Amino acid sequence: MTSTRSEKRGTESAAGSWDRVRVQQGERSPPRTLGQEMVLSTEPRRVSCGTGRSTRMCPGFRPASRHRMALGSSTAGRVSALVYEVRIENARYQTYTDGLTDLPQFLYGVPNTRTAYRVTPVDVHSPCSMRGPGVVLGSFALETAMDQLSHELAVDPIELRLRNEPIQGEVTQLPFCTRMLCERYETGARRFGWSRRHVKPGSHTDGDLLIGMGMATAGYHNNRRASSARARILADGTAEVFAAAGDMGPGTTTSVMQVVADALGLPASAVTFRLGDSSYPTAPMHAAACSMASAGSAAHTTCDALNGYGAVFAEVSVDPLLGLVRVRRIFAAYDVGRVISPKRAHSQAIGGMVGGIGMALLEGTVTDHRDGRIVNASLADCLVPVNADVPDLDAAFINAEDPQADPIGVKGLGEITIVGVAPAIGNAVFNATGKRLTDLPIRPEALL
């Protein structure tokens with residue numbers, strides 16, 4: 001099982017240098033983080049940090065990786081052993097690691113688990129974190145294997161997962177504070193129409209197209225980090241909250257104002273969240289699905305074995321003559337604690353699904369091994385999803401506040417929404433064609 005690189009922009013400067021640069025919001029511009037500058041950069045260039053100093057931008061990517069997944073199960077579908085070995089590429093000059101082996105250690109109740117994470121130094125730039133770092137690839141390996149096991153045992157994929165639902169973390173031996181995954185399976189199956197799935201691969205057609213349904217489980221650790229904030233009540237009865245946080249667009253600013261307004265008994269319009277200035281109280285970087293759980297909890301506090309889970313369902317059509325895969329619809333049901341802003345949470349979910357479609361079917365760099373250059377190194381050649389690739393996407397949330405996660409009961413949402421999408425699509429392709437594909441992206445030639 002392999003995955004190819006996906007590209008984004010990273011920073012060349014050492015991590016420690018960030019502490020020596022003050023970033024301040026301008027009078028007319030909204031607060032932007034260095035992460036936004038990385039996204040906006042299309043070529044390596046220098047980016048001003050607001051102090052006259054500059055940071056050199058250079059390419060970053062999700063590293064190519066090879067996976068070996070083995071499951072041991074009884075004929076009744078009870079998984080008793082799991083072996084997961086993964087090897088990733090890395091730069092020779094710097095070590096990069098991510099959470100590739102995390103998911104198999106808590107997603108199912110497997111009493112005998114062994115994981116191995118190995119790094120292969122090669123002559124490339126250092127990889128960097130992309131959405132769902134590590135976990136999204138571990139999900140593809142694990143959920144593809146679970147789907148194959150369900151096929152070989154003739155057990156419904158959801159039923160197989162229910163038979164292996166854990167009562168505690170198998171590695172940590174700690175109980176789950178909240179885990180409403182079984183309810184997510186039920187909600188997702190009902191709203192998606194899972195009962196209409198054809199069990200025999202390749203048996204459902206629509207004209208000349210093969211139709212398939214697939215599902216996968218998503219999971220991601222709650223990533224609350226050290227954070228602080230300062231609040232003050234003004235003479236006119238309004239409030240201001242300060243934190244050195246960033247907001248790249250998912251709505252952290254609005255959500256924090258909602259939390260503070262709730263804690264103070266004020267309308268949200270009476271609260272201002274000041275961010276984008278490193279002289280404010282310390283907050284973590286705007287990444288890793290930690291902003292709301294960290295800065296939001298800190299803002300709330302000045303006024304007064306944790307994971308998120310999801311079930312992802314996908315339907316695809318496959319043209320057997322062209323090998324062309326089209327996603328028809330995706331639905332996901334999530335357990336992510338308290339949902340502060342339902343509209344923004346739904347938007348996060350849709351964005352994660354779009355990213356998962358790209359990961360499953362389109363995105364991947366091609367290396368010319370004669371000179372190490374990337375062949376498809378332009379936006380014209382490196383495919384990403386466009387409107388025509390984005391079908392009917394929807395998500396539902398179980399709004400269950402988790403007071404053990406953090407003071408405001410939220411869990412991270414930014415990363416989990418991409419986890420599970422690629423394996424759900426891959427499993428749907430298998431249901432449509434009977435071909436089990438274990439390389440990403442799924443290319444037309446693999447289906448011909």
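Keep in mind it's a predicted model, so treat the numbers as computed, not measured.

Engineer: I keep staring at helix α2 (residues 135-153) and nothing clicks. Help me out?
Structural biologist: Every α-helical turn comprises 3.6 residues, leaving residues that sit three or four positions apart pointing alike. Its 19 residues give α2 an end-to-end C-alpha distance of 26 Å, which sits within 8% of 27 Å, the value for a rise of 1.5 Å per residue. Extensive coverage of α2 is indicated by the burial of 15 of its 19 residues. Within two residues after α2, alanine 154 carries a phi angle of roughly 55°, on the positive side.

Engineer: Sorry if this is basic, but what is going on with the environment of arginine 338 here?
Structural biologist: Relative to the elements of secondary structure, arginine 338 occurs in the loop between β14 (324-335) and α7 (342-361). For arginine 338 and glycine 409, which are 71 residues apart along the polypeptide, the C-alpha to C-alpha distance reads 5.4 Å.

Engineer: Just checking my understanding: could you explain the packing of α7 against helix α8 (residues 421-433) for this structure?
Structural biologist: Two packed helices can be described by the angle between their axes and the distance between those axes. As a packed pair, α7 and α8 sit with axes 8 Å apart at the nearest point and diverge in direction by 55°. Taken together, the axes of α7 and α8 lie oblique to each other. Seen from above, α7 lies across α8 with right-handed handedness. Across from Gly352, Met353, Gly356, Ile357, Met359, Ala360 and Leu361 in α7, the residues of α8 making contact are Val421, Ala422 and Ile425. Residues of the contact of α7 with α8, tallied by class, amount to 8 nonpolar, 2 polar and no charged.

Engineer: Looking at this model, I keep getting lost on the pattern of salt bridges. Mind explaining?
Structural biologist: Where charged atoms from two side chains of opposite charge come close, those side chains can pair. Across all of its chains, the model carries 15 salt bridges by this definition. Measuring nitrogen to oxygen at the nearest pair gives 2.5 Å for the salt bridge that ties glutamate 165 to arginine 179. In this pair, glutamate 165 is assigned in the loop between α3 (157-163) and α4 (181-192) and arginine 179 in the loop between α3 and α4, connecting sequence segments 14 residues apart. Arginine 179 gets classed as buried once you look at its relative accessible area, which sits at 14%. We note a salt bridge from arginine 370 to aspartate 368, for which the minimum N-O separation is 2.7 Å. Look at arginine 370 and you get exposed, because its relative accessible area is 76%. Under the relative-accessibility criterion, aspartate 368 is labelled buried at 17%.

Definitions and cut-offs
- Residues numbered from 1 in each chain as written.
- Predicted model: local features only at pLDDT ≥ 70, side-chain atom pairs only at ≥ 80, totals over all residues.
- Heavy atoms only, no water.
- Helix = DSSP H or I, 4+ residues; strand = E, 2+ residues; numbered from the N terminus.
- Expected span 1.5 Å × (residues − 1).
- Buried < 20%, exposed > 50% of the residue type's maximum accessible area, 1.4 Å probe, protein only.
- Axes fitted to C-alpha atoms, helices over the stretch in contact; angles between N-to-C directions.
- Parallel < 35°, antiparallel > 145°, perpendicular 65-115°, else oblique.
- Left-handed = near helix turned anticlockwise from the far one by under 90°.
- Contact = heavy atoms within 4.5 Å.
- Nonpolar A, V, L, I, M, F, W, Y, C, P; charged D, E, K, R; others polar.
- Salt bridge = Lys/Arg side-chain N within 4 Å of Asp/Glu carboxyl O.

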